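# Secondary and tertiary structure notes
One-letter residues, chain by chain:
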Amino acid sequence: MPVALALAPLTLAAVLVLSGVAKLGDPGSTASMIRLLRLPSFLAGAVVPRLLPVVELVAAVLLLTPWIWTYAVGAALALGLFTAFLLVVARAMTFDPRPTCGCFGRVGNHQITARTVWRNVLLLALALVASWIALGGSAAGALVARFSAGDWLWLVLAVGQATVAVLVLGGAGSESRTPAARRRDRGAAESTRAPDELDYVRRPFPRGSLLSQDLEPRTLHALTRHRAQLLVLANCWCGSTMDTIARLEGWRERLPQLDVQLVHTHRPWDAPELSAVQGVWWDPGSTLYDALGAGVSPAAVLLGMDGLLAGGPVNGVNAIEEFVEDIAAELAQAEVPADQA
């Protein structure tokens, strides 16, 4: 059996270690993922979020063993896991809006797209190769033990090539472009549209309450009584949410004329990252999140002091960053005093 086939289980082991370690200390993120993917509610209990990363790590270890029977168990676990992941992601592609998958805990941005599906297809294909190795009476560890100097060189080069691909292509696409470049493209596109299509239709924002850390309710209309409000909304604990939290203070500095508030649909003060953050609210049951039409998390909306939406919702960390820049530019151009924003 060609020793090059060992790359399949080695790659799977690396992915499973990344996924398992990311989830291990953060069962809340996995529970949030289960709810967002509309899986049976009992799966979001205490057992599955804590057990899933352990199974992933055990599968990774078994995939690296030189003994056929232990390797076969690891290959079977990997095949089962990646089959389930592909089915869940493919099903989520039919949702509107599409949720975040949280496949790697809080690491990265996990909005579900066709790229997510193809990633899982490739991982499932590798799991099938790993299972075929087991059926052939071999194991990854045994194949690696037969590596020649040339085989090790190929392995090192493969790892290097994968690293370069991640560094070069990982941030490719419109999300990696600067806000200024995206505004130029948007302006060019808007120049071809009719004037009435460019008007933002303002509508009343919903009546409802958010809860403060001491569980005191506050309506959106009470929040906007004296200042306009930029609400940054999240419904999961994925990497995008963590990135949003890290940028909050910067957005507040850019927009001193209004308040920038973080609203989370899960009790936010349970997250250590938010224990000392000000301007954080809880939206139990996603009531206002849904009423505002927030869509994919994270999202942002601008609430005016007149009870009407002044902008948004926009979705994604980079889109919120651009939204903040646009608001700051408009306020600077209008020279709006801080007490009249």
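A quick note: this is a predicted structure, and the numbers were derived from the prediction, not measured. (Residues numbered from 1 in each chain as written. Predicted model: local features only at pLDDT ≥ 70, side-chain atom pairs only at ≥ 80, totals over all residues. Heavy atoms only, no water.)

### Focus on a nonpolar patch on the surface
There is a patch of nonpolar side chains on the surface, built from L24, V47, L51, V54 and V58 and spanning about 420 Å² of accessible area. It is helix α3 (residues 47-63) that provides the largest number of residues to the nonpolar patch, a total of 4 residues. Position of V58 among the secondary structure elements: in helix α3. Residue classification places V58 among the partly exposed positions, given a relative accessible area of 39%. (Patch = residues over 30% accessible without salt bridge, like charges linked within 9 Å, V, L, I, M, F, W, Y side chains within 5 Å. Areas by Shrake-Rupley, 256 points an atom, 1.4 Å probe, with all protein chains shown as cover. Salt bridge = Lys/Arg side-chain N within 4 Å of Asp/Glu carboxyl O. Helix = DSSP H or I, 4+ residues; strand = E, 2+ residues; numbered from the N terminus. Buried < 20%, exposed > 50% of the residue type's maximum accessible area, 1.4 Å probe, protein only.)

### Description of the packing of aromatic side chains
Using the criterion set out here, one finds 1 aromatic pair in the structure. Between F82 and F85 the ring centres are 5.9 Å apart and the planes differ by 85°, which places this aromatic pair in the edge-to-face class. Linking F82 with F85, this pair stays in helix α4 (residues 68-92), spanning 3 residues, or about one helical turn. (Phe/Tyr/Trp six-rings, centres within 6.5 Å; stacked < 30°, edge-to-face > 60°.)

### Describing the packing of α3 against α4
The contact between α3 and α4 brings their axes to 8 Å, and the two run at 135°. Between α3 and α4, the interaxial angle falls into the category oblique. Between α3 and α4 lies a crossing whose hand is left-handed. Listed contacts from α4 to L52, V55, E56, V58, A59, L62 and L63 of α3 are T70, Y71, V73, G74, A75, L77, A78, L81 and F85. Residues that form the contact of α3 with α4 fall into these classes: 13 nonpolar, 2 polar and 1 charged. (Axes fitted to C-alpha atoms, helices over the stretch in contact; angles between N-to-C directions. Parallel < 35°, antiparallel > 145°, perpendicular 65-115°, else oblique. Left-handed = near helix turned anticlockwise from the far one by under 90°. Contact = heavy atoms within 4.5 Å. Nonpolar A, V, L, I, M, F, W, Y, C, P; charged D, E, K, R; others polar.)

### Section: the side chain of T241
Inspection of the secondary structure puts T241 in helix α10 (residues 239-254). Relative accessible area serves as the criterion here: at 1%, T241 is assigned to the buried category. Non-local contacts of T241, meaning those with residues more than four positions away in its chain, are made with A234, C236, H264 and S297.

### Examining unusual backbone geometry
Working note: non-glycine residues mostly have negative phi, and peptide bonds are mostly trans. Cis geometry is adopted by the peptide bond preceding P313, which originates at G312 and carries an omega value of 5°. Within the secondary structure, P313 is located in strand β7 (residues 309-315). At L215, a position not held by glycine, the phi torsion is positive, near 65°. Summarising the element assignment, L215 is placed in the loop between β1 (209-211) and β2 (217-219). Under the relative-accessibility criterion, L215 is labelled partly exposed at 44%. Although it is not a glycine, S286 adopts a positive phi angle of roughly 60°. Positionally, S286 belongs in the loop between β5 (280-282) and α11 (287-291).

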